[in-house]
Amino acid sequence: TGLSDEMIRATLNKVFKNIESKHGTPSIQLTIGKGVKEDTIDKRTATKFGGIPYWPADMKWPQHKKKDLVMIAQINFGDLPPIPDYPSSGILQLFVTKDIEDGVCVPVYHNEIPLVNTSFPKYDQFPFNEVFYPTAKKVISIPNSSEDHWDDVFTPEVNDAFRTNWKSWLDMPDKILRITWEMQK
């Protein structure tokens, strides 16, 4: 196309704003910061990757083939900004096997989080040497080029914006595709 990169970017910005307003979904973006070497029992209900999990004393520890699983992630919904159709409280944990060949991931959801009668669970930092406490912010997610329905969402908006009639995003000039991918990073 004879358009400059700046004109293409400006037009694509409008395309992405239209897509966001029509197809955007509220979601939570977790940003992982610097890890800390030690986790403490007082942070057992925090949102984190690795570390000491929250665990009620009367619950059986998750296992696979009679081997204890390890927690890789814990999301405390009370720590997150509220978004529609998600809980506003409770903890979701993901437990995995140490053997990657098993490919087992077990989710556990605690609807209530009483701090009385909790146990100090079997603690294993695998697969991390540190604990990571992410920050959370509410964002609007839009479909992207790795999703199946991308062509149905993106191509009509681009055709309208550039006054063209490409059948698929794959038919678009390389310059527009390159700038689109740069803008999605």
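Residues numbered from 1 in each chain as written. Predicted model: local features only at pLDDT ≥ 70, side-chain atom pairs only at ≥ 80, totals over all residues. Heavy atoms only, no water.

**Some details on the overall build of the protein**
Our working rule: Put simply, DSSP marks the helices as runs of H or I at least four residues long and the strands as runs of E at least two long, and each gets a number from the N terminus on. We compute the radius of gyration over the C-alpha atoms and compare it with the globule rule, which gives 2.2 Å times the number of residues raised to the power 0.38. Here, two residues are considered to be in contact whenever any of their heavy atoms come within 4.5 Å of each other. Working definition of accessibility: Shrake-Rupley area with a 1.4 Å probe, residue cover restricted to the visible protein chains.
Within the protein one finds 3 helices and 8 strands. N-terminal to C-terminal, the α/β element order of the protein is α-β-β-β-β-β-β-β-β-α-α. For the protein, whose C-alpha radius of gyration is 22 Å, the value lies well above the compact-globule estimate of 16 Å for 185 residues. Dimensions of the protein, computed from C-alpha atoms along their principal axes, come out at roughly 65 × 35 × 30 Å. Sequence-distant contacts in the protein: of pairs separated by 6 or more residues, those separated by 24 or more amount to 66%. In the structure as shown, the protein presents an accessible area of about 11,400 Å², 53% of it carried by carbon and sulfur atoms.

**Overview of unusual backbone geometry**
Threshold: Burial classes follow relative accessibility: with a 1.4 Å probe on protein chains only, a residue under 20% of its type's maximum area counts as buried, one over 50% as exposed, and anything between as partly exposed.
The backbone of Lys65 shows a phi angle near 55°, a positive value even though the residue is not glycine. Tracing the backbone shows Lys65 in the loop between strand 3 (63–64) and strand 4 (67–68). The phi dihedral of Asp85 is positive, around 70°, even though this residue is not glycine. Looking at Asp85, the relative accessible area reads 81%, which means it is exposed.

**Topic: the pattern of salt bridges**
Defined as follows: By convention in these notes, a salt bridge is any Lys or Arg side-chain nitrogen within 4 Å of a carboxyl oxygen on Asp or Glu.
Counted according to the given criterion, the structure contains 6 salt bridges. Here Arg178 ties to Asp5 by a salt bridge, and the two come within 3.4 Å at their closest N and O atoms. A residue pair is termed long-range when its members are at least 10 positions apart, and Arg178 in helix 3 (residues 174–184) and Asp5 in helix 1 (residues 5–23) qualify at 173 residues. Residue class for Asp5 comes out partly exposed when judged on its relative accessible area of 23%.

**Regarding the sheet that holds strand 7 (residues 105–110)**
Put simply, the rule is: We treat two strands as partners when DSSP finds at least two bridges between them.
Pairing is antiparallel in the open sheet, where 4 strands are placed in the order 2-5-6-7. The open sheet has two edge strands, strand 2 (48–49) and strand 7, and neither has a second partner. One ladder, built from 6 bridges, connects strand 6 (residues 91–96) with strand 7; its direction is antiparallel. Looking across to strand 7, one finds that Leu92 is bridged to Tyr109.

**Topic: the layout of surface pockets**
Threshold: In this analysis, the protein atoms alone were mapped onto a 1 Å grid. Cavities are point sets where a 1.4 Å probe fits without being able to get out; pockets are open sets with protein on both sides within 12 Å along at least five of seven lines; lining residues have an atom within 4 Å of a point. Grid points are joined across faces, edges and corners, and a volume is the space filled by probe spheres set on the points. Under the convention adopted here, Pro, Cys and the residues Ala, Val, Leu, Ile, Met, Phe, Trp and Tyr are nonpolar, Asp, Glu, Lys and Arg are charged, and Gly plus all remaining residues are polar.
Here the largest pocket is characterised by a volume of approximately 250 Å³. For the lining of the largest pocket, the secondary-structure elements that each account for two or more residues are helix 1, strand 8 (135–141) and helix 3. Considering each element in turn, the lining of the largest pocket owes the most residues, 3 residues, to helix 1. Size it by volume and the second largest pocket reaches roughly 210 Å³. Contributing to the lining of the second largest pocket are Ser27, Ile28, Leu30, Ile75, Phe77, Leu80, Pro81, Pro82, Ile83, Tyr86, Pro87 and Ser88. The greatest single-element share of the lining of the second largest pocket, amounting to 3 residues, is contributed by strand 1 (residues 25–31). Across the lining of the second largest pocket, the residue classes tally to 10 nonpolar, 2 polar and no charged.

Just geometry here; none of it tells us what the structure is for.
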